[in-house]
Amino acid sequence: MCPDCEDFARTVLLLGQLALYADTTGADLDFVDAVSPSLAASLPAPPPGHDPGEDS
């Protein structure tokens, strides 16, 4: 997998895990509120030819 593809996939995975964590009982929502904007802002552009419906 190309380096850009790995970064994109890893960041999307982290965003998904953070969303799942936010829905758990007892989740630290202050943490979620602090981390999610930075994580979303760090999302790299999709690699050329990336199909959002395609599993990497």
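Going by the structure above, here's the rest.
Residues numbered from 1 in each chain as written. Predicted model: local features only at pLDDT ≥ 70, side-chain atom pairs only at ≥ 80, totals over all residues. Heavy atoms only, no water.

J.: Just give me the short version of helix H2 (residues 29-41), but keep the residues and values in it.
T.: With 13 residues, H2 extends 18 Å from end C-alpha to end C-alpha; this agrees with the ideal 18 Å at 1.5 Å per step. A maximum bend of about 30 degrees is found in H2 at Val35, where proline Pro37 lies one to four positions downstream. Where H2 begins, one side-chain oxygen reaches toward the backbone nitrogen of Asp30, 3.2 Å away; that side chain belongs to Asp28. (Helix = DSSP H or I, 4+ residues; strand = E, 2+ residues; numbered from the N terminus. Expected span 1.5 Å × (residues − 1). Bend = angle between axes of the 7 residues up to and from the residue. Polar contact = N/O pair within 3.5 Å; in protein donor to acceptor, adjacent residues only side chain to side chain.)

J.: Talk me through the pattern of salt bridges; I want residue IDs and the actual numbers.
T.: Opposite charge on two side chains allows them to pair when their charged atoms are near. For the coordinates displayed, the defined rule picks out 2 salt bridges. With a shortest N-O distance of 3.2 Å, Asp7 and Arg10 are connected by a salt bridge. Taken together, the positions of Asp7 and Arg10, both in helix H1 (residues 3-22) and 3 residues apart, correspond to about one turn of that helix. The class of Asp7 is partly exposed, set by a relative accessible area of 36%. Judged by its relative accessible area of 44%, Arg10 is partly exposed. (Salt bridge = Lys/Arg side-chain N within 4 Å of Asp/Glu carboxyl O. Buried < 20%, exposed > 50% of the residue type's maximum accessible area, 1.4 Å probe, protein only.)

Keep in mind these values describe shape, not function.
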